[in-house]
Amino acid sequence: MSLHDDAALVLKDHEGQEELRQVYLDHLSAHPDGMWKSCHAGHLTASALVIDPSRGRVLLTLHRKLRMWLQMGGHCEPGDSTLAEAALREATEESGIAGLTLLPGGPVTLDRHAIPAPCHWHLDVQYAALAPADAVEVISDESLDLRWFAYDEVAEAADDSVVRLLEATRARL
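Calculation rules
- Residues numbered from 1 in each chain as written.
- Predicted model: local features only at pLDDT ≥ 70, side-chain atom pairs only at ≥ 80, totals over all residues.
- Heavy atoms only, no water.
- Buried < 20%, exposed > 50% of the residue type's maximum accessible area, 1.4 Å probe, protein only.
- Helix = DSSP H or I, 4+ residues; strand = E, 2+ residues; numbered from the N terminus.
- Pairing = 2+ DSSP bridges.
- Core = buried A, V, L, I, M, F, W, Y, C linked by side-chain atoms within 4.5 Å.
- Contact = heavy atoms within 4.5 Å.
- Axes fitted to C-alpha atoms, helices over the stretch in contact; angles between N-to-C directions.
- Parallel < 35°, antiparallel > 145°, perpendicular 65-115°, else oblique.
- Left-handed = near helix turned anticlockwise from the far one by under 90°.
- Nonpolar A, V, L, I, M, F, W, Y, C, P; charged D, E, K, R; others polar.
- Expected span 1.5 Å × (residues − 1).
- Polar contact = N/O pair within 3.5 Å; in protein donor to acceptor, adjacent residues only side chain to side chain.

Participant: Where do I start with the pairing of strand β1 (residues 43-52) in this structure?
Facilitator: Working note: regular strand, side chains alternate between the two faces of the sheet. The element β1 is extensively covered by neighbouring structure, given that ten of its ten residues are classed as buried. Burial of the side chains of β1 extends over both faces: H43, T45, S47, L49 and I51 are buried on one face and L44, A46, A48, V50 and D52 on the other. With nine bridges joining them, β1 and strand β7 (residues 121-130) adopt parallel strand pairing. Across the sheet, residue T45 finds its bridge partner in β7, namely D124. With four bridges connecting them, β1 and strand β4 (residues 72-75) associate as antiparallel partners. The residue of β4 that forms the bridge with T45 is H75.

Laid out in structure tokens, this is it:
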């Protein structure tokens, strides 16, 4: 099964956000290359909020280009066979934490946001990744900083999409 096919199946099974979910499915239907950065109409991305429920905190990255506190994530790569695999790879690469595991149940939320030309949209499929008890983060080349935030600090540091992702993740926990 291709990554494109996996994404379509994941999205068909995703509950909630019906209108946005349909935008993603329509995009994939219209764009065989809709998983890749080269699709200038927009492309799917995969991200994961790294969470440590036992300590009531999440790990955010200060994105090098955007200079915003965000969850870990980015573009799918040819070696990714599933969206979940892409999200976990991105979370591991950007956090430096070994042993992350995705929260069961598939994606937590979807978030569509405009990006600069030549592409127009990121259609982000957002997961949550549980950090092991002994997690030690390591800043990657893609980040200016990594920082743990208590749940109640996230709204002050990050944008609404991260807040929605945290709320949905906590509800699933």
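Now, onward.
Participant: For this particular structure, what's the right way to read the nonpolar core?
Facilitator: Nonpolar side chains in soluble globular proteins tend to end up buried together. In this structure, L11, M35, L44, V50, L83 and V125 are the most contacted members of the largest nonpolar core, which totals 31 residues. Counting residues per element, the ones that place at least two in this core are α1 (3-13), α2 (18-30), β1, α3 (83-95), β7 and β8 (143-150). It is α1 that provides the largest number of residues to this core, a total of five residues. Excluding residues within four positions of it along the chain, L44 makes contact with A7, L11, Y24, H27, L28, G34, M35, C76, L83, L123 and V125.

Participant: How should I be thinking about the packing of α1 against α2 in this particular structure?
Facilitator: If you want to describe how two helices pack, look at the angle between their axes and the distance between the axes. The N-to-C vectors of α1 and α2 enclose an angle of 155°; their axes lie 10 Å apart at closest approach. Judged by the angle between their axes, α1 and α2 are roughly antiparallel. For the pair α1 and α2, the crossing hand works out as left-handed. Residues H4, A7, A8, L11 and K12 of α1 form the contact with α2, whose own contacting residues are R21, Y24, L25 and L28. Here the contact of α1 with α2 is composed, by residue class, of six nonpolar, one polar and two charged.

Participant: Is there a simple way to think about the environment of A7 in this case?
Facilitator: With respect to the helices, strands and loops of the structure, A7 is situated in helix α1. Under the relative-accessibility criterion, A7 is labelled buried at 0%.

Participant: So what exactly am I meant to see when it comes to helix α5 (residues 160-172) here?
Facilitator: Since the α-helix turns once every 3.6 residues, residues separated by three or four places project in the same direction. A rise of 1.5 Å per residue sets the reference length of α5, with its 13 residues, at 18 Å; its end C-alpha atoms lie 18 Å apart and thus fit the reference within 8%. Those residues of α5 that sit buried are S161, V162, V163, L165, L166 and T169. For α5, the secondary structure elements touched by its buried residues are β1, β2 (57-63), β3 (69-70), β6 (109-114), β7 and α4 (154-157).

Participant: Can you help me understand the side chain of T45 in this one?
Facilitator: By the secondary structure assignment, T45 is in strand β1. Using a relative accessible area of 3% as the deciding quantity, one classes T45 as buried. A polar contact of 2.8 Å, which involves the side chain of T45, links it to the side chain of D124. Discounting chain neighbours no more than four positions away, the residues touching T45 are G74, H75, H122, L123, D124 and V125.

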